[in-house]
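# Reading the structure
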There are 2 protein chains.
Amino acid sequence: MITFVHFEVKTENYQDMNILDGRTLAVDIRRELAEAVVEIKENGGKIPHLAAVLVGEDPASQVYVRNKVRSCEKIGFKSTLIRKTADVTEDQLMAIVAELNEDDDIDGFIVQLPLPDHIDEKRVTLAIRPEKDVDGFHPVNFGRMAQGLPAYIPATPNGILEMIKRYHIDTAGKEVVVVGRSNIVGMPMGILLAQKAYPGNATVTICHSRTADLSEHTRRADIIVAAIGRPEFITADMVKEGVVVIDVGINRVDDPSAERGYRLVGDVDYNDVAAKASWITPVPGGVGQLTVVSLLMNTLKASRKEIYS
Amino acid sequence: MITFVHFEVKTENYQDMNILDGRTLAVDIRRELAEAVVEIKENGGKIPHLAAVLVGEDPASQVYVRNKVRSCEKIGFKSTLIRKTADVTEDQLMAIVAELNEDDDIDGFIVQLPLPDHIDEKRVTLAIRPEKDVDGFHPVNFGRMAQGLPAYIPATPNGILEMIKRYHIDTAGKEVVVVGRSNIVGMPMGILLAQKAYPGNATVTICHSRTADLSEHTRRADIIVAAIGRPEFITADMVKEGVVVIDVGINRVDDPSAERGYRLVGDVDYNDVAAKASWITPVPGGVGQLTVVSLLMNTLKASRKEIYS
């Protein structure tokens, strides 16, 4: 068993700032992963191998998958990219999944979503062997996570947990308000932070579009996780002094002064809220930086059979 | 496809009371299930068949399993009881599970917990085919439930949902406070009531032993689900006027005046809280009445392949 040393963020560098710096964290974690690969090689072990399946020409999906493949290469993981045009049939895709399930050299793989309309995404997701489901989307992994068993945790929650740990953010007994209840962010974050663990042991409130008075909740929160997809929705009057803000939103807003005509903002009105917060994630440069490294961390776990032994 | 008619509780009978009457509900549901069996027989369909595995001599487990088997008989389900002495090996038990998994006549089965110390409960639970896991303990069912997919929901949360539905308790936009975070009650209740569904769409707060100020939460709650296992822990000063109280606790407290030397109380100080509540479950006679019928409802769903088709 190779020990995976967690280099800690040197908090003294940040003590005069209140930024949860996803970019620096991502660099640190990538370096650790690269070092883990060197160690594996020295010990004659099997190099972690991630495969990605990309269907069609969706520009965002192409960027995401390219990032994932490149990130593998940079840290020394093996990677396999399987590209299919949008006219691939569901059965053909299922056959690819079956092949990846059986291939002993592939430790983990992802099927980039969304898939074309004629393909049943749920059927494809359910076909991935949980042992190789490094996206953590299969119900087995979701259920194991929710039951407190070892599991692949989806990329964004996984990244947030890592950030909380490395910045030593205290969560026990804290009031956490999660805004948003999606299967890939809000719901798993709420479950994880309520569990008997660190990060966790928090009193968690899950808010969403049907919440009657959101401000009432956010104003009493020690920690806010904003995952609603509405630009700059959480404003300074909605938070208390000293709050920790994890902003998961990545929204485009028109900005004629910007080169591309838009800029990216989070779900939190950053400048005003930052003035009150003890810690806050910027957008970009916050949580979003950790999604790909989360996937890589899961792939390393898969190759080490840490979740399913 | 046989239609399963839900007889509604006649709320006019209850309008002067504020009791969520689990006993009456259980009678109603058992009658509906018996009628469903009659209909199945008339149509020449397959009679639902539940199997239960009981290991050892634990008195409580014997009572529970006996109740489950008798309940099957009373409503016309087939039942199979497999009893093994406490010295059964894990491999022997795994072989029984494998057999039940393969037996096409068995629609669903349970392995009564706790198991003797020399047997790995988790391993046994994971070996049950999710399609037959009518207890809803397998991570696949837990994950599907949490992701909003069709799933077997564990008995107690399933019973509570049924109670909320049949009493037409409004949950959308309400403040729900769940006290307790167990895998079989607190956590699934929190997840279910936050989901985009009815019952659901509530703003849910999950409290537990690490919550800093429990009263602050319970006092703002429209609906409290108490599942902590501490007798009469929720007192009248902790709730607001008009609250709906679902009391999951079943605790023994010494009572020399009682025939057996003890009486059963919930996690809620019933008499005082009832005076403020718009609806409340008594103990006994509340939620506890619905656990066995929940299992029977899941077995009917299994025999109809409603969850996994």
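The structure displayed is predicted, hence computed values, not measured ones.

The next subject is the overall build of chain A. Within chain A one finds 10 helices and 10 strands. Over its C-alpha trace chain A gives a radius of gyration of 20 Å, about what one expects of a compact globule, namely 19 Å for 309 residues. Overall size of chain A, expressed as C-alpha extent along the three principal axes, is 55 × 45 × 40 Å. Burial status across chain A gives 48% buried among its 309 residues.

Residue and element names in this part refer to chain B. Put simply, helix α6 (residues 155-166) and helix α7 (residues 186-194) touch, their axes get as near as 9 Å, and they point 40 degrees apart. Viewed along their axes, α6 and α7 adopt a mutual orientation that is oblique. Crossing of α6 over α7 shows right-handed handedness. Here α6 contributes P157, I160 and L161 to the contact with α7, which in turn contributes P188, M189 and L192. Looking at the contact of α6 with α7 residue by residue, the class counts come to six nonpolar, no polar and no charged.

A separate point is the pairing of strand β2 (residues 78-84) of chain B. All names here are of chain B. Bridge count for strand β1 (residues 49-55) against β2 is seven bridges, and the pairing is parallel. In the sheet register, A51 faces β2, and the bridge partner there is T80. With helix α2 (residues 59-75) bridging β1 and its parallel neighbour β2, the resulting β-α-β unit is right-handed.

Superposition record for chain A on chain B: RMSD 0.0 Å, screw rotation 180 degrees, translation along axis 0.0 Å. Accordingly, the operation relating the two chain copies is best matched by a two-fold axis. The share of interface residues of chain A whose copies in chain B are also at the interface is 100%, consistent with both copies meeting through the same surface.

What follows concerns the environment of D135 of chain B. Residues and elements named next belong to chain B. With respect to the element layout, D135 can be found in the loop between α4 (121-127) and α5 (139-146). The buried category is assigned to D135, around which 23 C-beta atoms lie within 10 Å. As for D135 and V111, which are separated by 24 residues in sequence, their C-alpha atoms are 8.8 Å apart. For D135, the residues in contact, after removing those within four places along its chain, are I110, P154 and A155.

Bringing the nonpolar core into the picture now. Within the largest apolar cluster, 178 residues are counted, with the highest numbers of intra-cluster contacts made by I224, V225, A226 and L296 of chain A together with I224, V225 and L296 of chain B. V225 of chain A has contacts with I160, V176, V178, V179, M189, I246 and V248 of chain A, leaving out every residue within four places of it along the chain.

Residues and elements named next belong to chain A. Under the domain assignment, chain A is made up of domain 1 (43-149) and domain 2 (155-289). The C-alpha centroid of domain 2 is placed 28 Å from the C-alpha centroid of domain 1. Contacts between the two partners involve four residues from domain 1 and, on the opposite side, four residues from domain 2. Residues of the side of domain 1 that touches domain 2, tallied by class, amount to two nonpolar, one polar and one charged.

A word on the sheet that holds strand β1 (residues 49-55) of chain A. Remark on secondary structure: sheet strands pair via backbone hydrogen bonds, oriented parallel or antiparallel. All names here are of chain A. Across the sheet, three strands lie side by side as β2-β1-β3; this open sheet has parallel pairing. Two strands close off the open sheet at either side, each with one partner strand: β2 (78-84) and β3 (108-111). Each strand of the sheet is rotated relative to its neighbour by a mean of 15 degrees, with strand direction disregarded. Examined bridge by bridge, β1 and β3 share four bridges and lie parallel to one another. By the bridge assignment for β3, A52 is matched with I110. Sheet contacts for helix α3 (residues 90-102): β1, β2 and β3; angle to β1, the most-contacted strand, approximately 180 degrees.

Right, let's get into the sheet that holds β1 of chain B. Residues and elements named next belong to chain B. Pairing is parallel across the open sheet formed by three strands, whose spatial order is β2-β1-β3. Two strands lie at the open edges of the sheet, namely β2 and β3 (108-111), each paired on one side alone. When the angles between neighbouring strand axes are averaged without regard to direction, this sheet yields 15 degrees. Lying over the sheet, helix α3 (residues 90-102) contacts β1, β2 and β3, oriented at roughly 180 degrees with respect to β1.

Residue and element names in this part refer to chain A. The end-to-end C-alpha distance of helix α1 (residues 22-42), which contains 21 residues, comes to 30 Å, matching closely the 30 Å that a straight helix rising 1.5 Å per residue would cover. By the burial criterion, the buried members of α1 are G22, L25, A26, I29, L33, A36 and V37. The arc that holds the buried residues of α1, viewed along the axis, is 115 degrees, so those residues lie on one side. Set apart from the buried face of α1 by more than 90 degrees, the exposed residues are R31, V38, K41 and E42. Lining the buried residues of α1 we find α2 (59-75), α6 (155-166) and α10 (291-303). Among the residues trailing α1, G44 stands out with phi positive, at a value near 70 degrees.

Attention now moves to unusual backbone geometry. Omega for the peptide link from Y198 of chain A to P199 of chain A comes to -10 degrees, which places this bond in the cis form. Here P199 of chain A shows up in the loop between α7 (186-194) and β5 (203-207). Note the cis peptide between V283 of chain B and P284 of chain B, where omega equals -5 degrees. Positive phi is not limited to glycine here, since K305 of chain A has a value of about 55 degrees.

Quick notes on the rules
- Residues numbered from 1 in each chain as written.
- Chains lettered and ligands numbered in written order.
- Predicted model: local features only at pLDDT ≥ 70, side-chain atom pairs only at ≥ 80, totals over all residues.
- Helix = DSSP H or I, 4+ residues; strand = E, 2+ residues; numbered from the N terminus.
- Rg over C-alpha atoms; globule rule 2.2 N^0.38 Å.
- Buried ≥ 20, exposed ≤ 12 C-beta atoms within 10 Å, placed from the backbone.
- Axes fitted to C-alpha atoms, helices over the stretch in contact; angles between N-to-C directions.
- Parallel < 35°, antiparallel > 145°, perpendicular 65-115°, else oblique.
- Left-handed = near helix turned anticlockwise from the far one by under 90°.
- Contact = placed C-beta atoms within 7 Å.
- Nonpolar A, V, L, I, M, F, W, Y, C, P; charged D, E, K, R; others polar.
- Pairing = 2+ DSSP bridges.
- Right-handed = clockwise from strand over helix to strand, strands pointing away.
- Least-squares fit on C-alpha atoms with pLDDT ≥ 70 in both.
- Core = buried A, V, L, I, M, F, W, Y, C linked by C-beta atoms within 7 Å.
- Domains from an automatic or database assignment.
- Expected span 1.5 Å × (residues − 1).
- Arc of directions from axis to C-beta.

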